[in-house]
Amino acid sequence: MLNFKHTKYTYECGTDEAGRGCLAGPVTAAAVILPEDFTNEILNDSKKLSELKRDALKPIIERDAMCFGVSHVFQKEIDAINILNASILAMHKAIDRLNKTPEFIIVDGNKFKPYNSVPHETIIKGDGKYLSIAAASVLAKTYRDAYMNTIHEEYPMYNWKKNKGYPTKEHREAIKKYGITKYHRKSFRLLPEQLKLDL
């Protein structure tokens, strides 16, 4: 069972991102403030849930959260400021969209930059420890997956509907065959270096 709160603050916000290790598409973050009476037996780190469960949880979180925000930071910006800064920027933008000002922010992972003057704490594997971070991880993942499904229609050969832009063998093979698209992150190593010895 996940913990409800990390602090005594009413407006404690959990934030998390999805898509950090992808070769294509945005990094997407969500921020969630849950009400005191929120409970959910299924909610967990989005990586531990099936797609079916994540999709079922999304409307429940949106309905029951005190407030939530979701934001994409796209590949051009990722290439310009690097993926770590882009992930933090996405979290800040998601927090910007909350209609309540958080009193405290709990962040999944170990890196964050101060958001205005709101105190924060980074929590390793926080999405498996706190409900609000788990809720943020589910929203970030479902919103990002929906976006990848949309751009899949434009470039079906990369099968983003299935791999969501992650570096699967199939995705790398498609890059080798078709080259890259406007959705690929050019600052990422899109193909492992091939070393050939001419003997």
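Quick caveat, the model's predicted, so the values are computed rather than measured.

A. Up close: the nonpolar core. Judged by nonpolar contacts, the single largest core of 33 residues is most densely connected at V27, I78, I95, L98, I105, F112 and W160. At the level of secondary structure, the elements contributing two or more residues to this core comprise β2 (27-33), β3 (67-73), α3 (83-96), β4 (104-108), α4 (131-154) and α6 (169-178). Looking at which element gives the most residues to this core, the answer is α3, with 7 residues. Non-local contacts of F112, meaning those with residues more than four positions away in its chain, are made with T15, I88, M91, H92, I95, I105, V107, H120 and T122. Core analysis: the next-biggest nonpolar cluster, separate from the first, contains 19 residues, A18, L43, A134 and A140 among them.

B. How the structure looks around the pairing of β2. Counting buried residues along β2, 7 of its 7 residues qualify, which places the element largely inside the surrounding structure. Burial along β2 is two-sided: V27, A29, A31 and I33 facing one way and T28, A30 and V32 facing the other are all buried. Pairing of strand β1 (residues 12-18) with β2 involves 6 bridges; the strand directions are antiparallel. By the bridge assignment for β2, T15 is matched with A31. Where β2 meets β3, 7 bridges bridge the pair, whose relative direction is antiparallel. Looking across to β3, one finds that I33 is bridged to C67.

C. Geometry of the pattern of salt bridges. Counted according to the given criterion, the structure contains 10 salt bridges. One salt bridge connects K5 with E36, and the closest N-O pair in it is separated by 3.2 Å. One end of the pair, K5, is in the segment before β1; the other, E36, is in the loop between β2 and α1 (51-64), with 31 residues separating them in the sequence. On the basis of relative accessibility, which here comes to 22%, the residue K5 falls in the partly exposed class. Here the salt bridges share partners, and the residues they tie into one network are D45, K47 and D127.

D. Highlighting the layout of surface pockets. By volume, the largest pocket is sized at about 420 Å³. Of all the secondary-structure elements, those providing two or more residues to the lining of the largest pocket are β1, α3 and α4. It is α3 that contributes the most residues to the lining of the largest pocket, 4 residues altogether.

E. The UniProt feature "binding site: a divalent metal cation" (unreviewed entry) in the protein chain, seen in detail. Here the UniProt-annotated "binding site: a divalent metal cation" (unreviewed entry) positions come out as D16, E17 and D108. On the basis of their most widely separated C-alpha atoms, the annotated residues across 93 residues gather in one place, lying no more than 8.1 Å apart. From this annotated list, the subset lining the largest pocket comprises D16, E17 and D108. As for its placement among the helices and strands, D16 is situated in strand β1.

F. View of the packing of α1 against α4. With their axes 9 Å apart at the nearest point, α1 and α4 run at an angle of 115° to one another. At the point where α1 passes α4, the crossing takes the left-handed sense. Here R54, D55, L57, K58, I61 and E62 of α1 lie close against α4, whose contacting residues are A135, V138, L139, K141, T142, Y143 and D145. Tallied by class, residues from the contact of α1 with α4 come to 6 nonpolar, 1 polar and 6 charged.

G. Inspection of α4 at higher detail. Taking 1.5 Å per residue, 24 residues should reach 34 Å; α4 reaches 36 Å between its end C-alpha atoms and fits that length. Counted residue by residue, α4 has 18 buried out of 24 residues, so it is predominantly covered.

Reading guide: rules and limits
Residues numbered from 1 in each chain as written. Predicted model: local features only at pLDDT ≥ 70, side-chain atom pairs only at ≥ 80, totals over all residues. Heavy atoms only, no water. Core = buried A, V, L, I, M, F, W, Y, C linked by side-chain atoms within 4.5 Å. Buried < 20%, exposed > 50% of the residue type's maximum accessible area, 1.4 Å probe, protein only. Helix = DSSP H or I, 4+ residues; strand = E, 2+ residues; numbered from the N terminus. Contact = heavy atoms within 4.5 Å. Pairing = 2+ DSSP bridges. Salt bridge = Lys/Arg side-chain N within 4 Å of Asp/Glu carboxyl O. 1 Å grid on protein atoms, 1.4 Å probe; cavity = no way out; pocket = protein on both sides within 12 Å on 5 of 7 lines; lining within 4 Å. Points joined across faces, edges and corners; volume = space filled by probe spheres on them. UniProt positions renumbered as here; feature names shortened; annotations may be inferred. Axes fitted to C-alpha atoms, helices over the stretch in contact; angles between N-to-C directions. Left-handed = near helix turned anticlockwise from the far one by under 90°. Nonpolar A, V, L, I, M, F, W, Y, C, P; charged D, E, K, R; others polar. Expected span 1.5 Å × (residues − 1).

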